[in-house]
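Examination of the molecular architecture
In case you want the letters, here they are:
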Amino acid sequence: MNKYQLQERTKKFHIDVIRLCEILPKNIAAYEIAKQLIRSAGSVGANYRAVCLAKSQTDFVYKIKVVLEEADESLYWLEILKETGIADHTSLINPLLTEAKELVFIFSASRKKANDTLTKQNIKIAK
């Protein structure tokens, strides 16, 4: 998968999350979770675009860590929606859970590979 395909994939993830959140119940818990989920899912796509414009390998590693954190946060909120029963739209939430897990895996692997490259080059990165 190239960077343009991954940009489209992360954008689709955000759009699909928005569509799920639009049909959630109209109560305070669903509203607050939806707000957090939409923010984190949008951050995955927006920050991945920043990754694609990284100025250096160190900059790439820093930015990919942000994307990984946001993807993992999105996964967390989706799990909360499912486990609380707030989102009983199994046909919508299960594919989003799968996609969030795959994105976490992809960005985790990217971070590891980039860290390994920096280590081989003996470059220090901020933790």
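Summarised in this report is the structure supplied together with it. (Residues numbered from 1 in each chain as written. Predicted model: local features only at pLDDT ≥ 70, side-chain atom pairs only at ≥ 80, totals over all residues. Heavy atoms only, no water.)

1. With respect to the overall build of the protein chain
- Of regular secondary structure, the protein chain possesses 4 helices and 0 strands.
- Order of helices (α) and strands (β) in the protein chain, N terminus to C terminus: α-α-α-α.
- Dimensions of the protein chain along its principal axes, counting C-alpha atoms only, are 50 × 25 × 20 Å.
- Here the protein chain, with 127 residues, has 38% of them falling under the buried criterion.
- Residue pairs at least 24 apart in sequence account for 74% of intrachain contacts in the protein chain once pairs closer than 6 positions are excluded.
- Carbon and sulfur atoms provide 57% of the accessible area of the protein chain, an area that totals close to 7700 Å².
- Side chains of the protein chain carry 20 positive and 15 negative charges; the gap between the two charge centres is 8 Å. (Helix = DSSP H or I, 4+ residues; strand = E, 2+ residues; numbered from the N terminus. Buried < 20%, exposed > 50% of the residue type's maximum accessible area, 1.4 Å probe, protein only. Contact = heavy atoms within 4.5 Å. Areas by Shrake-Rupley, 256 points an atom, 1.4 Å probe, with all protein chains shown as cover. Lys, Arg positive; Asp, Glu negative; His and termini not counted. Charge placed at Lys NZ, Arg CZ, Asp CG, Glu CD.)

2. Observations concerning the packing of aromatic side chains
- Tallying each qualifying case throughout the model produces 2 aromatic pairs.
- Centroid distance Y48 to F107: 5.5 Å. Interplanar angle 45 degrees. Geometry classified as tilted. One end of the pair, Y48, is in helix α2 (residues 28-52); the other, F107, is in helix α4 (residues 90-120), with 59 residues separating them in the sequence.
- For the pair Y76 and W77, a centre-to-centre distance of 5.0 Å together with 75 degrees between the ring planes defines the contact as edge-to-face. (Phe/Tyr/Trp six-rings, centres within 6.5 Å; stacked < 30°, edge-to-face > 60°.)

3. Some remarks on the side chain of S74
- Checked against the element boundaries, S74 lands in helix α3 (residues 57-84).
- A distance of 2.9 Å separates a polar atom in the side chain of S74 from a polar atom in the side chain of S40.
- If we ignore the near neighbours within four places in the chain, the residues touching S74 are F13, L37, S40, A41 and V44. (Polar contact = N/O pair within 3.5 Å; in protein donor to acceptor, adjacent residues only side chain to side chain.)

4. Structural notes on the pattern of salt bridges
- Applying the stated criterion to the full structure yields 9 salt bridges.
- Salt-bridge contacts for E99 lead to R9; the nearest nitrogen and oxygen are separated by 2.6 Å. Of this pair, E99 sits in helix α4 while R9 sits in helix α1 (residues 3-22), and the two are 90 residues apart along the sequence. Both residues of the pair, E99 and R9, count as buried.
- A salt bridge links D116 to K112, with the nearest nitrogen and oxygen atoms 2.9 Å apart. One end of the pair, D116, and the other, K112, are both in helix α4, 4 residues apart, so they sit about a helical turn from each other.
- By relative accessible area, which is 33% here, D116 ends up partly exposed.
- Taking relative accessible area as the criterion, K112 reaches 48% and is therefore assigned partly exposed.
- Linked through salt bridges whose partners overlap, the residues forming this network are R9, E99 and E102. (Salt bridge = Lys/Arg side-chain N within 4 Å of Asp/Glu carboxyl O.)

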